[in-house]
Amino acid sequence: MSRRFLKFPRARGLLCLTAFWVCVVAAPPRAFGRETDGSSSGIRAIDAVDNSIGAAVDDARFGYGELNQGAAYSPGEGKYLDSESGYLKGAKVTASYMGDVGDYIQNFYSQVAYDFVYGYPYYNGYTQGGTPVQGPSQANIANLAVKMGRSFEAGKSSMITPYIIGGYHQWVRGLSYGTDNGYTETYRDGFAGAGAMLQYAIGARLVATAQGSFSETLWPTMDTNNDETYYPSVCQANPGLCQVDSFRLGSRPLEMAGFELDYHLAGALHFFVGGDYSHFSYGASPWVSDPLMEQLGYEFMEPHSLTDMLFWSAGLRWSFGP
């Protein structure tokens with residue numbers, strides 16, 4: 001939540017852009033998705049999982065906190081200026097391909113995943129004057145992730161896939177839920193990094209997948225309708241003074257990990273369950289002042305924050321692989 005009347009120390013924005021690449025191993029390539037009768041049942045089971053489209057329902061545990069760094073603003077003595085936590089519900093869709101691309105790229109792996117969750121986490125914080133505030137808020141969170149890499153057999157029943165990853169994250173945060181206030185904050189960022197996936201076939205029908213990645217958040221921002229929320233009469237009389245306030249946040253690391261079990265039901269139909277965890281933060285923003293705030297003598301800044309999300313998914317997958 002943006003802070004008014006407060007003089008936090010100005011912080012330098014740290015932008016760590018890291019270059020990642022997929023390692024190309026000097027091993028004989030195999031055209032995935034075109035197995036011969038000599039291929040193992042374990043590899044065929046993994047190929048079926050990795051050539052598919054799927055849909056799932058999501059349950060997510062969400063936690064967010066704005067850090068009370070340096071006691072610059074401390075209406076309470078805790079670690080956080082304010083925090084939100086709770087359970088969200090939603091859905092997830094995925095599409096993946098493993099195979100050849102033309103005559104030059106073999107053993108190519110790609111996946112696109114999109115999930116959307118919503119709900120009413122619990123807000124625990126303070127007003128700008130330091131009065132404690134607790135109650136439900138509203139959250140709408142969307143994530144898009146794209147992976148590309150190259151896969152290698154690691155035995156008769158396992159495969160390893162190093163990959164690069166990139167994507168987009170958005171959180172529309174509705175504070176003062178259930179009142180006439182209508183205050184919203186929209187957080188957005190891109191991200192890019194690298195990771196690896198290990199898959200193991202437990203027989204011909206059951207495939208276990210574990211993966212992890214390290215990324216950097218890119219161009220994170222937070223936009224608010226602060227003027228219209230807190231000074232509606234002034235904005236109606238002087239619309240030129242009011243605008244959406246945008247805060248440039250600091251880029252920070254993003255860590256993700258996941259695990260999944262896929263069971264081949266019959267024909268092309270699979271059932272899967274899994275869990276995905278992500279942890280990331282945003283650095284504090286510079287001070288911001290719009291025309292209305294300049295007249296009132298105020299400045300804004302967005303504090304350093306931490307976010308944790310744990311997704312549990314269950315769904316069906318349709319394989320177009322072997």
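Remember, it's a predicted structure, so these values are computed and weren't measured experimentally. Counting restarts for each chain: residues are numbered from 1 in the order of the written sequence. Per-residue local features of the predicted model are confined to residues with pLDDT of at least 70, and side-chain atom pairs are confined, for both listing and counting, to 80 or more; whole-chain, interface and lining totals are unaffected and use all residues. Heavy atoms throughout the structure, all of them, feed into the side-chain values; hydrogens and water do not.

> Tell me about the packing of aromatic side chains, and please be specific about residues and values.
Here a Phe, Tyr or Trp ring, Trp counted by its six-membered ring, pairs with any other such ring whose centre lies within 6.5 Å, and the pair is stacked when the planes are under 30 degrees apart, edge-to-face when over 60, and tilted otherwise. This model, assessed by the stated rule, comprises 8 aromatic pairs. Look at Phe-280 and Tyr-282: their rings are 5.5 Å apart centre to centre, the planes differ by 65°, and that puts the pair in the edge-to-face class. Of the residues examined, Phe-280 reaches a relative accessible area of 6% and is grouped as buried. Note on exposure labels: buried denotes an accessible area under 20% of the residue type's maximum, exposed denotes more than 50%, and partly exposed covers the range between, all computed with a 1.4 Å probe on protein chains only. Looking at Tyr-282, the relative accessible area reads 2%, which means it is buried. Through successive ring pairs, a cluster of aromatic residues spans Phe-62, Tyr-64, Trp-171, Tyr-187, Phe-280 and Tyr-282. Whether a charge lies above a ring is judged from NZ of Lys or CZ of Arg, which has to be within 6 Å of the ring centre and within 35 degrees of the ring normal. Directly above the aromatic system of Tyr-87 lies the positively charged group of Arg-61, at a separation of 4.9 Å from the ring centroid. A cation over a ring is seen here: Arg-317 above Phe-272, with NZ or CZ 4.2 Å from the ring centre.

> Summarise unusual backbone geometry; cite the residues concerned and give the values.
Residue Asn-107 is not a glycine yet carries a positive backbone phi of 60°. Of note, Asn-107 is situated in strand β4 (residues 105-119). Of note, Trp-219 is a non-glycine position whose phi angle comes to about 50°, a positive value. Note on conventions: DSSP H or I runs of at least 4 residues are helices, E runs of at least 2 residues are strands, and numbering of each starts at the N terminus. Among the structural elements, Trp-219 can be located in strand β11 (residues 206-224). The class for Trp-219 is exposed, based on a relative accessible area of 68%.

> Help me get a handle on the state of the cysteines, residues and values and all.
Disulfide: a pair of cysteine sulfur atoms within 2.5 Å of each other. Throughout the structure, instances matching the rule amount to 1 disulfide. A sulfur-sulfur distance of 2.0 Å marks the disulfide that ties Cys-235 to Cys-242. Measuring the twist about the S-S bond at about -90°, one finds the Cys-235-Cys-242 disulfide to be left-handed. Classification of Cys-242 by relative accessible area gives buried; the value is 11%.

> Which residues make up the side chain of Asn-143, and what are the values?
One can find Asn-143 in strand β7 (residues 138-150). Asn-143 gets classed as buried once you look at its relative accessible area, which sits at 17%. Here a polar contact means two N or O atoms within 3.5 Å. Within protein one must be a hydrogen donor candidate and the other an acceptor candidate, and residues neighboring in sequence count only if both atoms are side-chain atoms. Among the polar contacts made by the side chain of Asn-143, one reaches the side chain of His-169 at a distance of 2.7 Å. Contacts of Asn-143, omitting those with residues within four sequence positions, involve Ala-113, Tyr-114, Asp-115, Tyr-168, His-169 and Phe-311. Contacts were defined at the residue level, with two residues in contact if any of their heavy atoms lie within 4.5 Å.

> Let's hear about the nonpolar core: which residues, and what values?
In terms of nonpolar packing, the biggest core is built from 39 residues, with Leu-88 and Met-309 touching the most fellow members. The residues touching Leu-88, leaving out its near neighbours within four places in the chain, are Asp-58, Asp-59, Ala-60, Phe-62, Val-117, Tyr-118, Gly-119, Tyr-120, Pro-121, Ala-139, Ile-141 and Met-309. As used in this record, nonpolar core signifies buried Ala, Val, Leu, Ile, Met, Phe, Trp, Tyr and Cys residues forming a set joined through side-chain atoms within 4.5 Å.

> Can you break down the pattern of salt bridges residue by residue, with the values?
Note on definitions: salt bridges are taken to be side-chain nitrogens of Lys or Arg within 4 Å of carboxyl oxygens of Asp or Glu. Evaluated as defined, the whole model comprises 9 salt bridges. Residue Arg-188 is joined to Asp-223 by a salt bridge in which the shortest nitrogen-to-oxygen separation is 3.0 Å. You can see Arg-188 sitting in strand β10 (residues 184-202) and its partner Asp-223 sitting in strand β11, a full 35 residues away along the chain. Since its relative accessible area comes to 29%, Arg-188 is described here as partly exposed. Asp-223 gets classed as buried once you look at its relative accessible area, which sits at 19%. As a salt-bridge pair, Glu-260 and Arg-317 come within 3.0 Å of each other at their nearest N and O atoms. Within this pair, whereas Glu-260 is found in strand β13 (residues 253-266), its partner Arg-317 is found in strand β16 (residues 305-319), the two being separated by 57 residues in sequence.

Purely geometric stuff here, so don't read any function into it on its own.
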